Amino acid sequence: MLTDVLTGWTAETLGGLTLLAAAAAWGWLRRLRDPVDPGVTPAAGTVRPVRTYTLLGARAADGQPVHLPSSRPACIRVTWSSPTGKQEQFELTDAVLPDGTYAAERVSVYPERGAL
């Protein structure tokens, strides 16, 4: 009877250790195959396209509208320095203009939330 218990226990233990070693080896090989920098978050598989935004109400030194290429998503605020040195904030939007660019609205035109 004691022999049966020891034999069964040994077989189960060796089987468990074999599975544990196989899982550890699989994880180690996977890490070697796909190295990841610990400071970088892996992308979700898609790259955000670069959009060209037109800064509404802003003009360059030659009088032309200001275009800003960016891969940032909508609702992000960006700061632009005018030719006179004045800095203005614009909020990127998803609104498409007739020329195919996206609109970036001047933030100073609207009052801040909670200011009314």
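Note that the structure is predicted; figures quoted are calculated from it, not measured. (Residues numbered from 1 in each chain as written. Predicted model: local features only at pLDDT ≥ 70, side-chain atom pairs only at ≥ 80, totals over all residues. Heavy atoms only, no water.)

## As for the overall build of the protein chain
Inference 1: When its secondary structure is counted, the protein chain shows one helix and five strands.
Inference 2: Seen in sequence order, the protein chain has helices and strands lined up from the N terminus as α-β-β-β-β-β.
Inference 3: Split into buried and exposed, the 116 residues of the protein chain put 15% on the buried side. (Helix = DSSP H or I, 4+ residues; strand = E, 2+ residues; numbered from the N terminus. Buried < 20%, exposed > 50% of the residue type's maximum accessible area, 1.4 Å probe, protein only.)

## Describing the pattern of salt bridges
Side-chain pairs of opposite charge can arise where the charged atoms are in close proximity.
Inference 1: Enumeration over the complete set of coordinates arrives at three salt bridges.
Inference 2: A salt bridge links Arg77 to Glu91, with the shortest nitrogen-to-oxygen separation between them at 3.8 Å. Taken together, the residues Arg77 in strand β3 (residues 77-81) and Glu91 in strand β4 (residues 87-96) connect sequence positions 14 residues apart.
Inference 3: Glu88 serves as the salt-bridge partner of Arg106, at 3.0 Å between the closest nitrogen and oxygen. Of this pair, Arg106 sits in strand β5 (residues 102-106) while Glu88 sits in strand β4, and the two are 18 residues apart along the sequence. (Salt bridge = Lys/Arg side-chain N within 4 Å of Asp/Glu carboxyl O.)

## Observations concerning the sheet that holds β3
Inference 1: One open sheet accounts for five strands, arranged β2-β1-β5-β4-β3; its pairing is mixed. In the strand order of this sheet, the two ends are held by β2 (65-70) and β3, each with one partner. Averaged over all pairs of adjacent strands, the angle between their axes in this sheet comes to 40°, without regard to strand direction.
Inference 2: Where β3 and β4 come together, five bridges link them in antiparallel fashion. Following the sheet pairing, Arg77 is matched in β4 by Glu91. (Pairing = 2+ DSSP bridges. Axes fitted to C-alpha atoms, helices over the stretch in contact; angles between N-to-C directions.)

## Focus: the nonpolar core
Inference 1: Counting nine residues, the largest nonpolar core consists of Tyr53, Leu55, Ala58, Val66, Val78, Trp80, Phe90, Leu92 and Ala104.
Inference 2: Of all the secondary structure elements, the ones that give two or more residues to this core are β1 (51-59), β3 and β4.
Inference 3: Top element by residues in this core is β1. It accounts for three residues.
Inference 4: Those residues in contact with Ala104 that sit more than four places away from it in its chain are Tyr53, Thr54, Leu55, Leu56, Phe90, Glu91, Leu92 and Thr93. (Core = buried A, V, L, I, M, F, W, Y, C linked by side-chain atoms within 4.5 Å. Contact = heavy atoms within 4.5 Å.)

## Section: a nonpolar patch on the surface
Inference 1: On the surface, Leu14, Leu17 and Leu20 cluster together into a nonpolar patch covering about 320 Å² of accessible area.
Inference 2: Structurally, Leu14 is set in helix α1 (residues 2-33). (Patch = residues over 30% accessible without salt bridge, like charges linked within 9 Å, V, L, I, M, F, W, Y side chains within 5 Å. Areas by Shrake-Rupley, 256 points an atom, 1.4 Å probe, with all protein chains shown as cover.)

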